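Summary of structural features
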Amino acid sequence: MNHLLNADLHCHSNVSDGTLLPEAIAARAAAQGVELWALTDHDEIGGLPRAREAALDLGMAFLTGVEISVSFAGETVHIVGLGFDAEDSALREGLAATRNGRRDRARLMAAGLAAVGIEGAFEGALKYVTNPDLISRTHFARFLVETGVCAATHEVFRRYLTEGKPGYVPHAWARLKDAVRWISDAGGIAVIAHPARYRFGPTAEYALFTEFIAHGGRGVEVLTGSHSHTEQVRYAETAVEFDLLASRGSDFHSPEESRVDLGELPDLPGRLHPVWVALAPRVQGLPQ
Ligand code: AMP
Ligand code: MN
Ligand code: MN
Ligand code: MN
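Below is a summary of the structure that appears in this document. Worth saying up front: this structure is predicted, and the values here are computed from it rather than measured.

Criteria and cut-off values
Residues numbered from 1 in each chain as written. Chains lettered and ligands numbered in written order. Predicted model: local features only at pLDDT ≥ 70, side-chain atom pairs only at ≥ 80, totals over all residues. Heavy atoms only, no water. Phe/Tyr/Trp six-rings, centres within 6.5 Å; stacked < 30°, edge-to-face > 60°. Buried < 20%, exposed > 50% of the residue type's maximum accessible area, 1.4 Å probe, protein only. Helix = DSSP H or I, 4+ residues; strand = E, 2+ residues; numbered from the N terminus. Donors = N, O, S within 2.8 Å, 3.2 Å for Na, K, Ca; no water.

Once that is clear, we can look at the packing of aromatic side chains. If you walk through the whole model with that rule in mind, you get five aromatic pairs. Here the aromatic rings of Tyr 198 and Phe 200 are separated by 6.0 Å at their centres, their planes lie at 50°, and the arrangement is tilted. Like Phe 200, Tyr 198 is buried. For the ring pair Phe 209 and Phe 242, a centre distance of 5.2 Å and an interplane angle of 25° mean the geometry is stacked. Residue Phe 209 is located in helix 9 (residues 202–214), and its partner Phe 242 is located in the loop between helix 10 (229–241) and strand 9 (245–249); the two are separated by 33 residues in the primary sequence. An identical accessibility class is assigned to Phe 209 and Phe 242; each is buried. These aromatic residues form a ring-pair network of at least three members: Phe 72, Tyr 198 and Phe 200.

In the first shell of the manganese ion (ligand 2), the protein supplies Asp 17 (OD), His 42 (NE2) and His 253 (NE2), at 2.2 Å from the metal. Separating the manganese ion (ligand 2) from the manganese ion (ligand 3) is a distance of 5.6 Å. One end of the pair, Asp 17, is in the loop between strand 1 (7–8) and helix 1 (22–31); the other, His 253, is in the loop between strand 9 and helix 11 (275–278), and 236 residues separate them in sequence. For Asp 17, a relative accessible area of 3% translates into the label buried.

Below is the structure:
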């Protein structure tokens, strides 16, 4: 497991809010030159057996993955889990509990949108949903683009789906300590996803990192599709400061919506410790 491996350890299939089948993401990753891949659907690991099989058929090394929705200090934080045992029952039950409530939330989102004249959003979003347990804001965004309410999904989020906007519904996700524990107790490594995306001041961010580590969290995404170069540099420093393993993942969702394609990220700075080196014993499909 070398430092410069083209590892992409964060992306989504249509088992959550991506648009491609797990097999299609695997094929696209391999075609993009990805050498080590993890599928990290939101709160759901149902796509992993198919993803694993497709990866191994393509000769691409594979790690189990998931991205867990967590509520922390009034904000939604995403924790990526890598290299866990996907049969672990506490992890599976925790994820099921985290998914639970998405449908009721979606009904409330649709009611909020109807109140500003956008009718039929629940049924409209459902047209884009392949996993009935996983209705996400992204599916609503696709419907609002389809109906011409907005030109692009990021505009839908800005105008309708973020805090204070008509389709936003606050939700209680998993607790940080539970999410980290489910991953770690299943033999995996927990990683703070896209840290620059949270609206934390320095005090809340410090609390996130220190509590995450206290609960057994070990990694941070330094390179992700949503980090600017400045943010990459900043979180490389944070990884050093907190002695965290560094991860790298595109957060790819779809060819139409994602700016960064699978595997299309810079190399990790040499002074960082890649999470995949620590996970080497958990990697599947390595050449013998
Ligand atoms: P949910 O888990 O239902 O709250 O949906 C969260 C998902 O919405 C994220 O995983 C992203 O895929 C997507 N998302 C969040 N914010 C934005 C944004 N500003 N622009 C585009 N997609 C976003
Ligand atoms: Mn998503
Ligand atoms: Mn995320
Ligand atoms: Mn993601």
